[in-house]
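Structure assessment
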Amino acid sequence: MLKRWLQYFATMLFVIAITDFCLGGALIKFGERVNDKEQENTEVMNIDELDEFIASKSCEFVRAAFERDKVKVEDMLSKDTVYVVSEDNSGYIRYASKDMHVEGYMATDRELLMVRQCWHVTEEDGTITSGVEVFIEGEEEPQIWYIHYIKTFGRWKIFMLENGI
């Protein structure tokens, strides 16, 4: 009887592990801290709350990238997006799907002076694009970063970055 119960238990654990793997780790999140802001149900946000949320997340992402906070940056990215820091401390995020491959360069090897979110728009496909001005030491004009968000399991995640250098 005990042997059969252990077999059922092992099978159940195996099924949960495979399901978690297929969902990109969304089921079991070992050691992940989720703050109150992240737990907000973005389905019930009104337009003003969404505006504030996207502006806050966009600026938080830029600051985290310049602080080289890999854990924070990676937590903000969708599962199809990879964060890379080069040997010179500049960084980029790479999004690859079957139809698209985009690498967004971030001049994080220099000093961030200021970041300011200017606008965002909801695209026809349901994604959000946020326009952010990034003021970097030694640059006369700000860089414009276009941060693209996609909703994954009820949370807005960054999946792509383009910049207008």
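Everything discussed here concerns the structure shown above.
Here's what I pulled together on the structure shown here. (Residues numbered from 1 in each chain as written. Predicted model: local features only at pLDDT ≥ 70, side-chain atom pairs only at ≥ 80, totals over all residues. Heavy atoms only, no water.)

Okay, the overall build of the protein chain next. Looking only at helices and strands, one finds three helices and seven strands in the protein chain. Across the protein chain, helices and strands are ordered from the amino to the carboxyl terminus as α-α-α-β-β-β-β-β-β-β. The proportion of buried residues among the 165 residues of the protein chain is 33%. Long-range pairs, those at least 24 residues apart, make up 39% of the contacts in the protein chain between residues at least 6 apart in sequence. With the model as given, the accessible surface of the protein chain reaches about 10,600 Å², and the carbon-plus-sulfur share is 54%. (Helix = DSSP H or I, 4+ residues; strand = E, 2+ residues; numbered from the N terminus. Buried < 20%, exposed > 50% of the residue type's maximum accessible area, 1.4 Å probe, protein only. Contact = heavy atoms within 4.5 Å. Areas by Shrake-Rupley, 256 points an atom, 1.4 Å probe, with all protein chains shown as cover.)

Take the environment of Met76 next. As for its placement among the helices and strands, Met76 is situated in helix α3 (residues 70–76). Judged by its relative accessible area of 8%, Met76 falls in the buried class. Sequence separation between Met76 and Arg155 is 79 residues, and the spatial gap between their C-alpha atoms is 9.5 Å. Excluding residues that lie within four positions of it along the chain, Met76 makes contacts with Lys57, Glu60, Phe61, Lys157 and Ile158.

A few words now on the sheet that holds strand β1 (residues 81–85). If you walk across this open sheet you meet the three strands as β1-β2-β3, and the pairing is antiparallel. Unpaired on one side and paired on the other, β1 and β3 (101–106) mark the two borders of the sheet. The sheet shows a mean angle of 20° between the axes of neighbouring strands, taken without regard to direction. Of the pairings in the sheet, the one linking β1 to strand β2 (residues 91–96) comprises five bridges and is antiparallel in character. (Pairing = 2+ DSSP bridges. Axes fitted to C-alpha atoms, helices over the stretch in contact; angles between N-to-C directions.)

What follows deals with the sheet that holds strand β6 (residues 143–152). Taken in spatial order, the four strands of this open sheet run β4-β5-β6-β7, and their pairing is antiparallel. Looking along the sheet, the strands with just one partner apiece sit at the ends: β4 (112–122) and β7 (155–163). Pairs of neighbouring strands in the sheet enclose a mean axial angle of 25°, with direction left out of account. As paired elements, β4 and strand β5 (residues 128–136) share nine bridges and run antiparallel to each other. In the strand pairing of β5, Val121 is matched with Thr129. Together, β4, β5, β6 and β7 form the strand contacts of helix α2 (residues 47–66), whose direction differs from that of β4 by roughly 145°.

You can see Thr81 is positioned in strand β1. Overall, Thr81 belongs to the buried group, its relative accessible area being 8%. Reaching out from Thr81, the side chain makes a polar contact with the side chain of Ser78 at a distance of 3.1 Å. (Polar contact = N/O pair within 3.5 Å; in protein donor to acceptor, adjacent residues only side chain to side chain.)

Our next topic: the nonpolar core. Among the nonpolar cores identified, the biggest contains 29 residues, and Phe61, Val62, Val134, Trp145 and Ile147 are the most heavily contacted of them. Breaking this core down by element, the ones donating at least two residues are α2, α3, β4, β5, β6 and β7. The biggest single contributor to this core is α2, with nine residues. Sequence-distant contacts of Trp145, that is, excluding residues within four places in its chain, are made with Phe61, Val62, Phe66, Met106, Ala107, Ser130, Gly131, Val132, Val134, Leu161, Glu162 and Asn163. (Core = buried A, V, L, I, M, F, W, Y, C linked by side-chain atoms within 4.5 Å.)

A cluster of nonpolar side chains, Leu2, Trp5, Leu6, Phe9, Met12, Leu13 and Ile16, forms an exposed patch at the surface whose accessible area comes to about 680 Å². Looking at the secondary structure, you find Ile16 in helix α1 (residues 2–22). Look at Ile16 and you get partly exposed, because its relative accessible area is 32%. (Patch = residues over 30% accessible without salt bridge, like charges linked within 9 Å, V, L, I, M, F, W, Y side chains within 5 Å. Salt bridge = Lys/Arg side-chain N within 4 Å of Asp/Glu carboxyl O.)

Next up on the list: the packing of aromatic side chains. Scanning the model with the defined rule gives three aromatic pairs in all. Their ring planes at 15° and their centres at 6.0 Å tell us that Phe66 and Trp145 sit as a pair that is stacked. Within this pair, whereas Phe66 is found in helix α2, its partner Trp145 is found in strand β6, the two being separated by 79 residues in sequence. Neither residue differs from the other here; Phe66 and Trp145 are each classed as buried. When the centroid spacing of 6.0 Å and the interplanar angle of 45° are considered together, the rings of Trp119 and Tyr146 count as tilted. Placement of the pair is Trp119 in strand β4 and Tyr146 in strand β6, with a sequence separation of 27 residues. (Phe/Tyr/Trp six-rings, centres within 6.5 Å; stacked < 30°, edge-to-face > 60°.)

These figures capture arrangement, not role.
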